[in-house]
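Here is what each chain is made of, one letter per residue.
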Amino acid sequence: MAILKFENVSKVYDNTTKALNDISFSLEEGEFVSIIGPSGAGKSTILRCCNRLIDITEGKIWFDGKDVTAMNKKELRAVRTKTGMIFQHYNLVERLSVMENVLHGKLGQKSTLAGMAGIYSEEEKLEAFNILRGLDLADQTYKRCDELSGGQKQRVGIARAIMQQPKLILCDEPIASLDPKSSKVIMDHLSNINKRDNITCLVNLHQVDVAMKYSKRIIGVTGGRIVFDGPPEKLDIKTVHKIYQSNDSDLITDVKVGA
Amino acid sequence: MKKKENILAVRKVTYAVVAAVIALIYFGAAYITEFKMSEGIAAFPGAFLWIAENLMPDEQAISRIPKILSKLLETTLLSVAVTVFAAVCAFLFSLLGTRTTKINPIIGKAVRIVAAFFRNVPDVVWAMLLMFSFGQNILTGFLALFFTTFGLLTRAFIETIDEVSSSCVEALNATGANFIQCVFQGIIPSSLTGIVSWVLYMIETNIRSSTLIGMLTATGIGYLFDMYYKMLQFPSAGLIVLFMVILVIVIEGISNKIRRVIM
Ligand SMILES: Nc1ncnc2c1ncn2[C@@H]1O[C@H](COP(=O)(O)OP(=O)(O)OP(=O)(O)O)[C@@H](O)[C@H]1O
Ligand SMILES: [Mg+2]
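Residues numbered from 1 in each chain as written. Chains lettered and ligands numbered in written order. Predicted model: local features only at pLDDT ≥ 70, side-chain atom pairs only at ≥ 80, totals over all residues. Heavy atoms only, no water.

1. Considerations on the overall build of chain B
Each helix and strand in chain B was counted, giving 11 helices and 0 strands. Helices and strands appear in chain B in the N-to-C order α-α-α-α-α-α-α-α-α-α-α. Against the compact-globule benchmark of 18 Å for 263 residues, chain B has a radius of gyration of 24 Å, which places it well outside the compact range. With the C-alpha coordinates of chain B rotated into their principal frame, the extents come out at 70 × 60 × 40 Å. Expressed as a percentage of its 263 residues, the buried residues of chain B come to 41%. Of all intrachain contacts in chain B linking residues separated by at least 6 positions in sequence, the fraction that spans at least 24 positions is 76%. A total of about 15100 Å² of accessible surface is found on chain B, and carbon and sulfur atoms cover 73% of it. Positive and negative charge centroids in chain B, built from 20 and 15 side chains respectively, lie 11 Å apart. (Helix = DSSP H or I, 4+ residues; strand = E, 2+ residues; numbered from the N terminus. Rg over C-alpha atoms; globule rule 2.2 N^0.38 Å. Buried < 20%, exposed > 50% of the residue type's maximum accessible area, 1.4 Å probe, protein only. Contact = heavy atoms within 4.5 Å. Areas by Shrake-Rupley, 256 points an atom, 1.4 Å probe, with all protein chains shown as cover. Lys, Arg positive; Asp, Glu negative; His and termini not counted. Charge placed at Lys NZ, Arg CZ, Asp CG, Glu CD.)

So, in structure tokens, the structure goes:
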């Protein structure tokens, strides 16, 4: 069964900007899918619609067989606890420790009072620590997040998402602010989680080569429409130019794609 | 290359125009108000001499030190109490006003308008208005300071929260955290430094303002100053000014220390 399904989804911002135009696709459980497309294509909008950080204008979105668009607050909260999210700018609470940020992954499953006061059980703390160890962050556990490097912060972001024990992880340009080496570390971790825990990953990327290397399936978006949806082998240079609306030699790295 | 030179030329012209406009405004304003810089400067030595002769504390002034200190303490405590109380109200109010919490755009707009109203009426005017209902009373001063502080802090808090908390609140929302959890685990930890900094600044400002308001409402150190001044007992009034300056410097020192500690 599809874990996530978009049915003719459209989104209009402020009655003027048509960000998404009749988008339909579905993700099977355990897939690793990348979304590529130029700036302003609507990639971030697609991701934020999945857990309704943004409300859509038209269409339907199904998560795990339930209609997200028709949910009340409580049901929506349940969906959000099952979807992790990773951001380009990490979106951590910089002044809190690494541990506290990771434990935030459990907030959605806690009572208001316990969450508000930040009261966590020993098992939860142990779980958080084990996740941090898996991401090579054990030494940073009690550091404040504003003392970390970008690559470390993004791993804290991943740890917070894993802490949710999610079915789906949404990543909005997870490596856009990182150097090539940290980028590889982050992508390897995401790929690893996907394979090991069978968590579905939907990743926005600006780097076509990274998308081709890590994903089994790529969705190309341009001007709010899907113009390509298929495995990396099917992505030829013509399609890449169509996605980025560019001509030969217009792209900074001409991608080595199948002819 | 050509373009770059062009930009530099444009920038030079801009600077020249700005300098000319500033000069024009200064001379225009001086002409209209009949203010003469040279006369102003010439009056300086005389003014200082007068201060030195008349405001030097004498024996009578020194015997009044306990009274002055107790009034000074009263004013300081009032300022601190007002600021802290206004800050708590402003924080709750600003939660409704920020875009970060996405409560409701109409409520947000309403909050901003109310805050702007309270902020833009000067505290002295508030004091004069409130005197009709409450009379010359410490409550009048309290409310006057409360209103402006509340208006100003609401706006400052909204801006602080929107600037530093919106990204982490988005992430906490995405984990399924509810409103109260987002406030306590996201907004408060991330914007606390900014908020405390604003509150300290307002305490300093309010100590100065409360002196002025005290003259109107006949309370606190402002009243004492006004009384000595009108009785032409300048040495006592001068002593109050001296203590005020010391107090403000001490408060500034303390708040700088607090700022450094919480950074
Ligand atoms: N909050 C908003 N209000 C109004 N318009 C918006 C808002 N967010 C996005 N848009 C518009 O919607 C369109 C799609 O934006 P989106 O952020 O989804 O693009 P993107 O593909 O993620 O771009 P990028 O690669 O630069 O992140 C753009 O035209 C953008 O200007
Ligand atoms: Mg984006």
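2. Topic: the sheet that holds strand E4 (residues 58–63) of chain A
All names here are of chain A. Judged by pairing direction, the sheet is antiparallel, and its 4 strands sit side by side in the order E2-E1-E4-E5 without closing on themselves. The sheet terminates laterally at strand E2 (17–28) and strand E5 (66–67), the two strands that pair on one side only. With 2 bridges connecting them, E4 and E5 associate as antiparallel partners. Residue pairing across strands places tryptophan 62 opposite aspartate 67, the latter belonging to E5. (Pairing = 2+ DSSP bridges.)

3. Regarding the domain arrangement of chain B
One can read the domain layout of chain B as domain 1 (2–39) and domain 2 (58–262). On a C-alpha basis, the centres of domain 1 of chain B and domain 2 of chain B stand 37 Å from each other. (Domains from an automatic or database assignment.)

4. Quick look at the environment of Gly151(A)
All names here are of chain A. With respect to the helices, strands and loops of the structure, glycine 151 is situated in helix H6 (residues 150–163). Considered as a pair, glycine 151 and asparagine 91 are 60 residues apart in the sequence and their alpha carbons are 13 Å apart. Apart from residues no more than four positions distant in its own chain, glycine 151 is found in contact with Leu178, Ser182 and Ile186.

5. Concerning the layout of surface pockets
A volume near 890 Å³ is recorded for the largest pocket. Arg52(A), Arg80(A), Thr101(B), Lys102(B) and Asn173(B) are the residues nearest the centre of the largest pocket, which is lined by 26 residues in total. Secondary-structure elements contributing two or more residues to the lining of the largest pocket are strand E1 (2–13) and helix H2 (73–81) of chain A together with helix H8 (166–174) and helix H9 (179–217) of chain B. Looking at the lining of the largest pocket element by element, the count peaks at 5 residues for H2(A). (1 Å grid on protein atoms, 1.4 Å probe; cavity = no way out; pocket = protein on both sides within 12 Å on 5 of 7 lines; lining within 4 Å. Points joined across faces, edges and corners; volume = space filled by probe spheres on them.)

6. Details of the packing of helix H4 (residues 65–97) of chain B against H9(B)
Residues and elements named next belong to chain B. Put simply, H4 and H9 touch, their axes get as near as 9 Å, and they point 145° apart. When you trace H4 past H9, the crossing you get is right-handed. Between H4 and H9, the contacting residues are Thr75, Thr76, Ser79, Val80, Val82, Thr83, Ala87, Phe91 and Leu95 on the first element and Phe179, Val183, Ile187, Ile188, Ile195, Val199, Met202, Ile203, Asn206, Ile207 and Ser210 on the second. Of the residues assigned to the contact of H4 with H9, the class counts are 14 nonpolar, 6 polar and no charged. (Axes fitted to C-alpha atoms, helices over the stretch in contact; angles between N-to-C directions. Left-handed = near helix turned anticlockwise from the far one by under 90°. Nonpolar A, V, L, I, M, F, W, Y, C, P; charged D, E, K, R; others polar.)

7. Some remarks on the nonpolar core
Judged by nonpolar contacts, the single largest core of 96 residues is most densely connected at Ile36(A), Leu190(A) and Leu235(A). When residues of this core are assigned to their parent elements, the largest contribution, 10 residues, is made by helix H7 (residues 138–164) of chain B. Within the second largest apolar cluster, 33 residues are counted, among which are Ile35(A), Cys50(A), Leu170(A) and Ala171(B). (Core = buried A, V, L, I, M, F, W, Y, C linked by side-chain atoms within 4.5 Å.)

8. As for the pairing of strand E8 (residues 200–205) of chain A
All names here are of chain A. Counting buried residues in E8 gives 6 out of 6 residues, a clear majority hidden from the surface. Burial along E8 is two-sided: Thr200, Leu202 and Asn204 and Cys201, Val203 and Leu205, pointing in opposite directions, are all buried. With 5 bridges joining them, strand E3 (residues 32–36) and E8 adopt parallel strand pairing. Counted as the bridge partner of valine 33 is leucine 202 from E8. Pairing of strand E7 (residues 168–172) with E8, which is carried by 5 bridges, proceeds in the parallel orientation. Counted as the bridge partner of leucine 168 is threonine 200 from E8. Crossover connection from E7 via helix H7 (residues 180–196) to parallel E8: handedness right-handed. (Right-handed = clockwise from strand over helix to strand, strands pointing away.)

9. As for the sheet that holds strand E9 (residues 217–222) of chain A
What holds strands together in a sheet is hydrogen bonding between their backbones, with the strands either parallel or antiparallel. All names here are of chain A. Taken together, the 6 strands give an open sheet; going across it, the order is E6-E7-E8-E3-E9-E10, and neighbouring strands pair in mixed fashion. Sheet topology places strand E6 (83–86) and strand E10 (225–230) at the edges, where each strand pairs with a single neighbour. Looking at each pair of strands side by side, their axes are set apart by 15° on average, direction ignored. Bridge count between E9 and E10: 5 bridges; the pairing is antiparallel. Bridge pairing in E10 links glycine 220 to phenylalanine 228.

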